[in-house]
Each structure stands twice: as structure tokens, then as C-alpha cells.
Amino acid sequence: MQVALVGLGVMGKNLALNLIEKGMTLVAYDKNPDAGAELISCAQSLGVEERLHIVSDLGDMVRRLEPPRSVLLLVPAGELVDSVCNELIEAGVSKGDIIVDCGNSNYKDGIARKLKYQNKFEFATMGISGGAEGARHGPAMMASGSEGGWERLVPWFEKVAASYNGESCFARVGQSASGHFVKMVHNGIEYALMQLIAEVYHLLRIGTGRSPKEVAEIFESWSEGELNSYLLSISRHILSLEDSNQTPLVDLIDNKVGAKGTGLWTAQNALELGIAVPSLVAAVQARHLTNTISTLAAKEMTYQAKETKKIDIDLDELKSAFYFASLLCYRQGLALIKGASRSHQWKVDLAKTLQTWRAGCIIRADYLDDIAKGVDFIDTLEAEAHALRSITGQAIQTGLAFPVLASTQTYIATLSTPSNGHLVQAQRDYFGEHGIKTHSGETSHLTDLVDLPEKVR
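Because the structure is predicted, anything quoted here is derived from the model rather than measured.

*Asks:* Even after reading the chapter, I still don't get the nonpolar core, so can you show me in this structure?
*Replies:* Where a protein is soluble and globular, its nonpolar side chains tend to be buried together. Within the largest apolar cluster, 77 residues are counted, with the highest numbers of intra-cluster contacts made by Phe-181, Phe-219, Trp-222, Tyr-330 and Trp-357. With sequence-adjacent residues up to four places away left out, Trp-222 is seen in contact with Val-200, Leu-227, Asn-228, Leu-232, Leu-315, Leu-318, Lys-319 and Phe-322. Judged by nonpolar contacts, the second largest core, of 35 residues, contains Leu-5, Leu-15, Ala-16 and Val-154.

*Asks:* Would you mind going over the pattern of salt bridges with me for this structure?
*Replies:* A side chain of one charge can pair with a side chain of the opposite charge if their charged atoms are brought near each other. Under the counting rule described, the total for this entry stands at 15 salt bridges. Residue Arg-136 pairs with Glu-21 through a salt bridge whose shortest N-O separation is 2.9 Å. With a gap of 115 residues between them, Arg-136 in helix H6 (residues 131-137) and Glu-21 in helix H1 (residues 10-21) connect regions that are remote in the sequence. For Arg-136, a relative accessible area of 11% gives the class buried. In this structure, Asp-370 and Lys-373 form a salt bridge, with 3.3 Å as the shortest nitrogen-oxygen distance. Overall, the relative accessible area of 13% leaves Asp-370 in the buried class. Each of Asp-82, Asp-101, Arg-113 and Lys-116 takes part in salt bridges that share partners, so that together they form one network.

*Asks:* So what exactly am I meant to see when it comes to a nonpolar patch on the surface here?
*Replies:* A grouping of Leu-289, Met-301 and Tyr-303 is seen on the molecular surface, where their side chains present a nonpolar patch of about 360 Å² in accessible area. Of note, Leu-289 is situated in helix H12 (residues 278-289).

*Asks:* Help me understand helix H2 (residues 33-46) in this model?
*Replies:* Because the α-helix completes a turn every 3.6 residues, residues three or four places apart line up on one side. Between its terminal C-alpha atoms H2 stretches 20 Å, which fits the 20 Å expected from 14 residues at 1.5 Å a residue. Those residues of H2 not exposed but buried are Ala-35, Gly-36, Leu-39 and Ala-43. Seen along its axis, H2 keeps its buried residues to an arc of 95°; they face one direction. Exposed side chains of H2 directed beyond 90 degrees from the buried face belong to Pro-33, Asp-34 and Ser-45. Check the buried side of H2 and you find it contacts H1, strand S2 (25-29) and strand S3 (52-54). Between the side-chain oxygen of the N-cap and the backbone nitrogen of Asp-34 there are 3.0 Å, and the N-cap of H2 in question is Asn-32. Just beyond H2, the residue with positive phi is Gly-47, at close to 75°.

*Asks:* Got a minute to help me understand the sheet that holds strand S6 (residues 122-129) in this structure?
*Replies:* Pairing is mixed across the open sheet formed by eight strands, whose spatial order is S3-S2-S1-S4-S5-S6-S7-S10. What marks the edges here is a single partner per strand, and that holds for S3 and strand S10 (170-174). Neighbour-to-neighbour, the strand axes of this sheet turn through a mean angle of 25°, independent of strand direction. Packed onto the sheet, H1 meets strand S1 (2-6), S2, S3, strand S4 (70-73) and S6 and runs at close to 170° relative to S1. The sheet contacts of helix H7 (residues 150-160) involve S1, S4, strand S5 (98-101), S6, strand S7 (140-144) and S10, and relative to S10 the element is tilted by about 130°.

*Asks:* Can you walk me through the pairing of S6 in this structure?
*Replies:* Put simply, side chains in a regular strand alternate between the two faces of the sheet. In terms of burial, S6 is a largely internal element, seven of the eight residues being buried. In this sheet, S6 lies alongside S5 in parallel orientation, the contact comprising four bridges. Considered in S6, the bridge of Asp-101 is made with Thr-125. Bridge analysis of S6 against S7 gives five bridges, and the strand direction is antiparallel. If you follow Thr-125 over to S7, its bridge partner there is Ser-144.

*Asks:* Before we go on, may I ask you to explain a negative patch on the surface in this structure?
*Replies:* A cluster of acidic side chains, namely Glu-214, Glu-217, Glu-220 and Glu-224, defines a negative patch on the protein surface. For Glu-214, the location among the structural elements is in helix H9 (residues 212-223).

*Asks:* Honestly, unusual backbone geometry in this entry has me stumped. Any pointers?
*Replies:* Residues apart from glycine generally show negative phi values, whereas peptide bonds are mostly found in trans. That bond from Pro-67 to Pro-68 is cis: its omega, -5°, falls within 30 degrees of zero. As for its position among the elements, Pro-68 is in the loop between helix H3 (58-64) and S4. The phi dihedral of Ser-176 is positive, around 50°, even though this residue is not glycine. If you trace the backbone, Ser-176 turns up in the loop between S10 and helix H8 (178-207).

*Asks:* Any chance you could explain the packing of H12 against helix H18 (residues 403-416) here in plain terms?
*Replies:* Running from amino to carboxyl end, H12 crosses H18 at an angle of 160°, the nearest separation of the two axes being 8 Å. By the angle class used here, H12 and H18 are roughly antiparallel. Crossing hand, H12 versus H18: right-handed. Touching Pro-278, Ser-279, Ala-282, Ala-283 and Ala-286 of H12 are Pro-403, Val-404, Ser-407, Thr-408 and Tyr-411, all from H18. Across the contact of H12 with H18, the residue classes tally to seven nonpolar, three polar and no charged.

Here is what the cut-offs are and how they apply
- Residues numbered from 1 in each chain as written.
- Predicted model: local features only at pLDDT ≥ 70, side-chain atom pairs only at ≥ 80, totals over all residues.
- Heavy atoms only, no water.
- Core = buried A, V, L, I, M, F, W, Y, C linked by side-chain atoms within 4.5 Å.
- Buried < 20%, exposed > 50% of the residue type's maximum accessible area, 1.4 Å probe, protein only.
- Contact = heavy atoms within 4.5 Å.
- Salt bridge = Lys/Arg side-chain N within 4 Å of Asp/Glu carboxyl O.
- Helix = DSSP H or I, 4+ residues; strand = E, 2+ residues; numbered from the N terminus.
- Patch = residues over 30% accessible without salt bridge, like charges linked within 9 Å, V, L, I, M, F, W, Y side chains within 5 Å.
- Areas by Shrake-Rupley, 256 points an atom, 1.4 Å probe, with all protein chains shown as cover.
- Expected span 1.5 Å × (residues − 1).
- Arc of directions from axis to C-beta.
- Polar contact = N/O pair within 3.5 Å; in protein donor to acceptor, adjacent residues only side chain to side chain.
- Pairing = 2+ DSSP bridges.
- Axes fitted to C-alpha atoms, helices over the stretch in contact; angles between N-to-C directions.
- Lys, Arg positive; Asp, Glu negative; His and termini not counted.
- Charge placed at Lys NZ, Arg CZ, Asp CG, Glu CD.
- Parallel < 35°, antiparallel > 145°, perpendicular 65-115°, else oblique.
- Left-handed = near helix turned anticlockwise from the far one by under 90°.
- Nonpolar A, V, L, I, M, F, W, Y, C, P; charged D, E, K, R; others polar.

Right under this line is the structure:
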């Protein structure tokens, strides 16, 4: 099987080595010649250089491939994707060829490109998770579309992807550009889980006065059971690290957190679709808050330091709260995927989506089986729900910030306890005559229900 790959950055290089190690013949290109030379060197060290051909331009790439051609793009999202696609058209790709955007592109761009290039070649999308390590040894691969070119790629991608209990973590999750939407939401969940772990660490470190190593030991004990996950494991490892002076690694790192944009896209799309994902949105805003000094509103967002207080917490209760909050972060993401799928008629298969997340990716976790059980299972976790409520209340009493923990408790409470929406409805109608819906389902105004001779002015 022959395939071409454009873009030999960290992800591209490692995926290239994975592909040729699995038996594919690869034609690779990067505008930086040093990237090609580095890939050749790596392939030689593995003894697979005979299956690798580095080309100096896209024209040479197209000529070397036998039609129908398969081209993978691992280039930065945005204009560069279109630039490469247009160059490939000029180089001679044809309608029977498939070009797969494997970067972190916005799914809306994928929808537009499918229409734009439909008479030129088959344009498909695939989200890849797992970082450099995953790309090299087996990533999670969230593909989409029904293009004919997939039929020749699927058997190989099933080998290249990670596997879990004998099943590949590659899947065509749905139609159109749904693969990139699923990867975007995957990243939104990733933001929330990272922030949640950081908040639990913060509670243990400052709220209870434990050292980073002591927190690492707690995380390690959790990882030995049902809470085992990639993000918890790397957090445990990070917290156990010290420099030559026995200074904890985390104490050497600045608090400002960067972002690539997919978390923000998740929040924006959730708001556009009207689907509440408060834990995911809170995680994005938490990163923004770490950078307030660099914002245009810096002075208006600078306040005096406040004292915090120590508390005693039950570690078993904290563990239960963390487990329950983690489940709810995933459930919010799945609800967003399902809502978008209905809106765009993508027919996304949530079971296949979860299968791609079981190994190789950043949000892999042993409790994904519990997430797959759905709302009915969540409703049985009464002790865990009480633990989340209790821990959130205690955490806030410290005076420290817990945006994802608090948002997750607010999420489940809003959906499982009496609402206050009736007053907000009344407020909107009072000042704007927007109308209200009664319990009978009728739309009316306050003045239809009560005598209102004069309004507050």
C-alpha cells in the first residue's frame, strides 16, 4: 500500500515512522529539507528506509503515487491546508484521489472544503490524538466521511492506530467533517480533565497543606483502581519530580497556561448549538484567567491577594467526587457531539467514538466503560453525587479557585434539582415582553396571568 504524507513536524514524523513500520510505502514531503533528512535518519536506524521516499516538491510526490492516490496532510490548521490542496491540484491529483486532513482543523473548514474540492478530489477529515508518542506507537484516530478512498485506507489505519482488548482505536465515527468535531470535543474534555486534576491537586496542596510528593502518592493509589487514566498518571509523575536541590518541579513553573484553540472552539460551538457544557467552558476560562496580566483588561482584572484557609477532607470522599466529576465531564462532551450530529445529520456513532478514546489518546481512562452506560448509570451513583456536593462546598470554603469542580456540581444540580428559571422568565417578560411559558405549555405574558396596574420604573 502506497500513501503520501505532507508535513513532517513532530506529529507528521512520528506518524510516518508508524506507517512505514506497519508495512506501508510512504512518499513524504516537507518544505523544510532538514525534516526529510531527519526522517530518513530515523528510518535507517529502524531498518525500514526502503519503504520511505522523500521528495522535494508536491509534483514529484504526485508522480510517484499510483492512482487512485491517498495523501495525508499533517500541516497547521487554516490557510496552509487550502494552500497545500491547491498545490496538489496543480500537481495533478484527480477526482478518484483522497486527501485526508489529519490536523487540528476547525470542522467548519472541513465542511467548506468538502464542497470546494468535490469535483477535484475526495476531501476527508480525521482527528488524531495521543501526541508524538501516540502518533509513533498507536494513536486514537477519529475519521469521518463516506469517501470511496477510505476503503483502501481503513485496513491500514486499523493497524496503525492503538488497540484496546483486540479492537482498533481507529473508526469512521460519522459523516462529513464529524471526525474533526469529535476531536475538537475530545480536546474540550481534555481541558476539563486537566483542570479538574489541577484543582484536586490545589485543594490537597494548599487547602490541606500536603507536599507535591504526598499528592503524587494519593494520585498513584487512585491510579491503581478504577480511576486509572493517562492524565492522572502523568500528573502523578509530574508531582513526584524534583530538581537537584529537591525543589518540586511544579514550583519551578510559571502559572500562565497556553492554548491552541480547540478548547475555545468547543465552548463557542456549544454556545451556538445551545448545549450546556459548563465544565468544558470553565476549563477554557480558567486558562484565560491565568493570563489576565497580559490582557487588554489587565488593570480591571488585578485584585489584592487574599488569605486562604486550611481544611481537613476525607480522601475517600474526595476520590468519589473526582470520579463522579470526571464522568460528568465526558458526558457533557458526548451530549455536545450528539447534539451537533443531529443538527448536521452526521449520524455520529457514540459507541465508535468511545472506542477510539480507549487507548492511544490523551483522555483514555479505565472508566470509559462506565461512561458508555449512560445517564441511567450516572443516576445510580448517589454516594458519589453527595461526595461531589460535599467536596465542592468544602473546597470553596478555602477561598481557593475551583472553576471546573464548581461548574460540574452546578451542572448536575441544575439538571437534577428544582430550577429557578421561572423567575428569569418573568424578569424577561417584565422588562422586554419576551413572553413566558406556563406549566401547561401555553405562551403568554405576565399581564395575562396577574393584574399588573403599574410596573417598576
